[in-house]
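Single-letter residue listing:
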Amino acid sequence: MSNVTRKHTALPKAQILIEALPWLTRHNGKTVVVKFGGNAMVDEELKSAFAQDIVFLHHAGLKPVVVHGGGPQISAALDRHGIVSEFKAGLRVTTEDAMDVVRMVLAGQVQRELVGLLNQHGPLAVGMTGEDAHTITATKHQPEIDGELVDIGRVGEITEIDTGAIEALLGDGRIPVVSSIARSQDDGHVYNVNADTAAAALAAALGAETLMVLTDVEGLYEDWPNSDEVISRLTASELEKLLPELASGMVPKMEGCLHAVRNGVTTARVIDGRVQHSILLEIFTDEGIGTMVVPDANPDAEGDAG
């Protein structure tokens, strides 16, 4: 290879790396909570690209925390055990028998696989559930349907977060991988909690810089289904106005983003997990992809842009 050719092939790589510099500086030492879900959880190539991204963030000086659920895997396991999957108000009805399966799948299958993928790159990931060290505490959640409170079993509403174990792992240079199961505030049982909600609650409690929620759409659409224009940025108040119109699957994701930015997280983003390396594109480039939610402007904080 001649020197001229070598210069030409190296230059674009250098330019890409340099574009990341201001973002590397800005995010250095910051905690970022990533909710792993959707297609990225089931497609082998996307899974391994996700693991690379998280390890890249770690080596770039950020402190990633991964939170995951496992809807498709839970449904498949319940089928195998002959337990019917039933949903009410968009939430899985979780009987005692179903809860055993949920716990087994999340902590014993999905989390283990993710920890294994991350640890191909070094002794980094440590798996845990919200039960560990009282990380997530919940009480029974009863959704209201047609004015009536409905019992949907062991589905929890988060009441408390203790970040001690996660912070200890981050301090030790590890990547915590958290399954969305909570300990019960009231009895010796455990609860199944929505992973979007758990990720948002952890992001707020950790004082994270960013919450990122991987999903199977490009972001929040401007006027779905009439248009596929994605809203690239909106404030907490703008999002709150839109919530009643959203598709049911998007509600916990966007409510989570709203909770995060109202409770100290600098930005919350919904990004397309079907795009390889979407996390890196979102954090380290000028374009960014998906929808970013920011806190409402604070009139007192003049000149505090960025």
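Structure shown above.
Below is a summary of the structure that appears in this document. (Residues numbered from 1 in each chain as written. Predicted model: local features only at pLDDT ≥ 70, side-chain atom pairs only at ≥ 80, totals over all residues. Heavy atoms only, no water.)

Considering the overall build of the chain
Here's step 1: When its secondary structure is counted, the chain shows ten helices and 16 strands.
Here's step 2: Computed over C-alpha atoms, the radius of gyration of the chain comes to 20 Å, within 12% of the 19 Å expected from 2.2 N^0.38 for 306 residues, which places it in the range of a compact globule.
Here's step 3: Its C-alpha atoms put the chain at 70 × 45 × 40 Å along the principal axes.
Here's step 4: For the chain, the residues scored as buried account for 47% of the 306 residues in total.
Here's step 5: In the chain, the proportion of contacts linking residues at least 24 apart, taken out of those at least 6 apart, comes to 72%.
Here's step 6: When the accessible surface of the chain is summed, it comes to about 15,000 Å², and 51% of that surface belongs to carbon and sulfur atoms.
Here's step 7: Averaging the locations of the 23 positively and 44 negatively charged side chains of the chain gives two centres separated by 8 Å. (Helix = DSSP H or I, 4+ residues; strand = E, 2+ residues; numbered from the N terminus. Rg over C-alpha atoms; globule rule 2.2 N^0.38 Å. Buried < 20%, exposed > 50% of the residue type's maximum accessible area, 1.4 Å probe, protein only. Contact = heavy atoms within 4.5 Å. Areas by Shrake-Rupley, 256 points an atom, 1.4 Å probe, with all protein chains shown as cover. Lys, Arg positive; Asp, Glu negative; His and termini not counted. Charge placed at Lys NZ, Arg CZ, Asp CG, Glu CD.)

A look at the packing of helix α3 (residues 44-59) against helix α5 (residues 96-118)
Between two packed helices, what matters for the description is the angle formed by their axes and the separation of those axes.
Here's step 1: In the contact formed by α3 and α5, the axes pass within 9 Å of each other and the chain directions differ by 60°. Put simply, α3 runs oblique to α5. Here the hand of the crossing between α3 and α5 comes out right-handed. For the pair α3 and α5, contact is made by Glu44, Lys47, Phe50, Ala51, Ile54 and Val55 and by Glu113, Leu114, Leu117 and Leu118, respectively.
Here's step 2: Of the residues belonging to the contact of α3 with α5, the class tally is seven nonpolar, no polar and three charged. (Axes fitted to C-alpha atoms, helices over the stretch in contact; angles between N-to-C directions. Parallel < 35°, antiparallel > 145°, perpendicular 65-115°, else oblique. Left-handed = near helix turned anticlockwise from the far one by under 90°. Nonpolar A, V, L, I, M, F, W, Y, C, P; charged D, E, K, R; others polar.)

As for the packing of aromatic side chains
Any two aromatic rings considered together are summarised by their centre-to-centre distance and by the angle between their planes.
Here's step 1: Counted according to the given criterion, the structure contains two aromatic pairs.
Here's step 2: A cation over a ring is seen here: Arg154 above Tyr191, with NZ or CZ 4.3 Å from the ring centre. (Phe/Tyr/Trp six-rings, centres within 6.5 Å; stacked < 30°, edge-to-face > 60°. Lys NZ or Arg CZ within 6 Å of the ring centre and 35° of its normal.)

Regarding helix α9 (residues 250-262)
Here's step 1: Helix length check: α9 (13 residues) gives 18 Å between terminal C-alpha atoms against 18 Å at 1.5 Å per residue, within 8%.
Here's step 2: Residues of α9 that are buried: Met250, Pro252, Lys253, Met254, Gly256, Cys257, Leu258, Ala260 and Val261.
Here's step 3: Residues of α9 that are buried make contact with β1 (31-36), α7 (195-206), β13 (210-215), α8 (236-242), β15 (267-272) and β16 (291-294). (Expected span 1.5 Å × (residues − 1).)

A few points about the packing of helix α4 (residues 71-80) against α5
Here's step 1: Look at α4 against α5: their axes get within 9 Å of each other, and the N-to-C directions meet at 125°. Between α4 and α5, the crossing angle belongs to the class labelled oblique. Taken as a pair, α4 and α5 cross one another with a handedness that is right-handed. On α5, the residues that touch Gln73, Ile74, Ala77 and Leu78 of α4 are Ala98, Val101, Val102, Val105, Leu106, Gln109 and Val110.

So, the environment of Asp132
Here's step 1: Locating Asp132 in the fold gives a position in the loop between β5 (125-129) and β6 (136-140).
Here's step 2: The spacing of Asp132 and Arg103 is 29 residues in sequence and 13 Å in space, taken between C-alpha atoms.
Here's step 3: A polar side-chain atom of Asp132 sits 2.8 Å from the main-chain amide nitrogen of Thr129. (Polar contact = N/O pair within 3.5 Å; in protein donor to acceptor, adjacent residues only side chain to side chain.)

As for the side chain of Thr210
Here's step 1: On the secondary structure map, Thr210 appears in strand β13.
Here's step 2: Residue Thr210 is classed as buried on the basis of its relative accessible area, which comes to 2%.
Here's step 3: In this view, Thr210 contacts Thr31, Val32, Val33, Val265, Thr267 and Arg269; residues no more than four positions away in its chain are not counted.

Quick look at the environment of Gly71
Here's step 1: Structurally, the position occupied by Gly71 is in helix α4.
Here's step 2: By relative accessible area, which is 35% here, Gly71 ends up partly exposed.
Here's step 3: As a C-alpha pair, Gly71 and Gly29 span 42 residues in sequence and 32 Å in three-dimensional space.

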